[in-house]
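Overview (structure and organization)
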Amino acid sequence: MVQDARVTYRRRNPYNTRTNYFKKVRTPGNRLVIQYLKKLHLKHRSLPRCAEMGTPLRGVKPNRGNYKNKRLSLLQKKRKAVSRAYGGNLCHSALRLRIIRAFLSEETRIASKVRVAQKKAKILRRKNKSKKKKKKGKKGGAKAAAKKAAAKKSKSTESKKKASTKSTKTDSKKKGTGKAGGNKKDGKKKGKK
């Protein structure tokens, strides 16, 4: 048996106008009736939408009848049910993206500051090292000069000593030859005797 899909209007408006939209609904008693819908041409004005994504906001009741007037009535203030930041203006996903973007931008700003500070510290360390090396070089130069002077003095004293020993040796050789000769003669004489 084919079920009857015919329905009748429930209001006294038999015309297909914008206010007379309906949908067919099956009741628990297995009857087919119609349910009237809101004005579809005002659907885009009825619910507040996200400023970034354009999706209708959840948790906010529609403000039909006062969409032309921008001032907020008491009813409208009461109906703003979303209490988070940007509630009634941005949807949750847009707000999440904003928070992440702000956090990341802050992180990058801090990281760049840290990098600049590290570079400055590195430059200062290099300068300090070069200054220390120069100071060490100067100190080492003075020490080296003192060592060289001491070495020159010791060399000069050694050369003087050597010269004096050489002169004494040559003198002793000259004297020693005469003595040695005398000894030989004495020895010969002794031997002859």
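Residues numbered from 1 in each chain as written. Predicted model: local features only at pLDDT ≥ 70, side-chain atom pairs only at ≥ 80, totals over all residues. Heavy atoms only, no water.

Scanning the protein from terminus to terminus reveals 3 helices and 2 strands. Traced from its N-terminal end to its C-terminal end, the protein shows the element sequence β-β-α-α-α. When burial is assessed residue by residue, the protein has 9% of its 193 residues classed as buried. (Helix = DSSP H or I, 4+ residues; strand = E, 2+ residues; numbered from the N terminus. Buried < 20%, exposed > 50% of the residue type's maximum accessible area, 1.4 Å probe, protein only.)

Looking at the element boundaries, P48 is found in the loop between α1 (43–46) and α2 (74–79). Spatially, the C-alpha atoms of P48 and G88 are 7.2 Å apart, while their sequence positions differ by 40 residues.

Moving on, we get to the pairing of strand β2 (residues 32–36). As paired elements, strand β1 (residues 22–26) and β2 share 5 bridges and run antiparallel to each other. Bridge pairing in β2 links K24 to I34. (Pairing = 2+ DSSP bridges.)

On the surface, a nonpolar cluster with roughly 290 Å² of combined accessible area is contributed by I100, F103 and L104. Summarising the element assignment, L104 is placed in helix α3 (residues 92–192). (Patch = residues over 30% accessible without salt bridge, like charges linked within 9 Å, V, L, I, M, F, W, Y side chains within 5 Å. Areas by Shrake-Rupley, 256 points an atom, 1.4 Å probe, with all protein chains shown as cover. Salt bridge = Lys/Arg side-chain N within 4 Å of Asp/Glu carboxyl O.)

All right, on to the packing of aromatic side chains then. Using the criterion set out here, one finds 1 aromatic pair in the structure. Note on Y9 and F22: the rings are 5.6 Å apart at their centroids and 90° apart in plane angle, and the pair reads as edge-to-face. Of this pair, Y9 sits in the segment before β1 while F22 sits in strand β1, placing them 13 residues apart in sequence. The residue whose ring lies beneath R11 is Y36, and the NZ or CZ to ring-centre distance is 3.9 Å. Taking NZ or CZ as reference, R98 lies 4.9 Å from the ring centre of Y86, over its face. (Phe/Tyr/Trp six-rings, centres within 6.5 Å; stacked < 30°, edge-to-face > 60°. Lys NZ or Arg CZ within 6 Å of the ring centre and 35° of its normal.)

To continue, consider the environment of G88. Here G88 lies in the loop between α2 and α3. Residues G88 and A51, spaced 37 residues apart in sequence, show a C-alpha to C-alpha distance of 9.4 Å.

In the Ramachandran plot, N30 falls in the positive-phi region, its phi being about 65° despite a non-glycine side chain. On the secondary structure map, N30 appears in the loop between β1 and β2. Backbone geometry places Y86, a non-glycine residue, at a positive phi of 60°. The topology assignment puts Y86 in the loop between α2 and α3.

What follows is about the pattern of salt bridges. Here the structure, examined in full by the defined rule, presents 3 salt bridges. Residues R6 and D4 are paired through a salt bridge, measuring 3.1 Å at the closest nitrogen-oxygen approach. A salt bridge links E52 to R98, with the nearest nitrogen and oxygen atoms 2.9 Å apart. Taken together, the residues span a long stretch of sequence, with E52 in the loop between α1 and α2 and R98 in helix α3 at a distance of 46 residues.

This part takes up a positive patch on the surface. A cluster of basic residues, K122, R125, R126, K127, K129, K131, K132, K133, K134 and K135, forms a positive patch on the protein surface. Among the secondary structure elements, K129 is positioned in helix α3. (Lys, Arg positive; Asp, Glu negative; His and termini not counted. Charge placed at Lys NZ, Arg CZ, Asp CG, Glu CD.)

Next up on the list: the confidence of the model for the protein. Summing up the model confidence of the protein, the mean pLDDT is 76 and the portion of residues at 70 or higher is 65%. Between the elements of the protein, mean pLDDT differs from a low of 59, seen in α2, to a high of 93, seen in β2. Every residue in residues 178–182 is under pLDDT 50, and counting partners more than four places away or in other chains gives 0 contacts. (pLDDT = per-residue confidence, 0-100. Contact = heavy atoms within 4.5 Å.)

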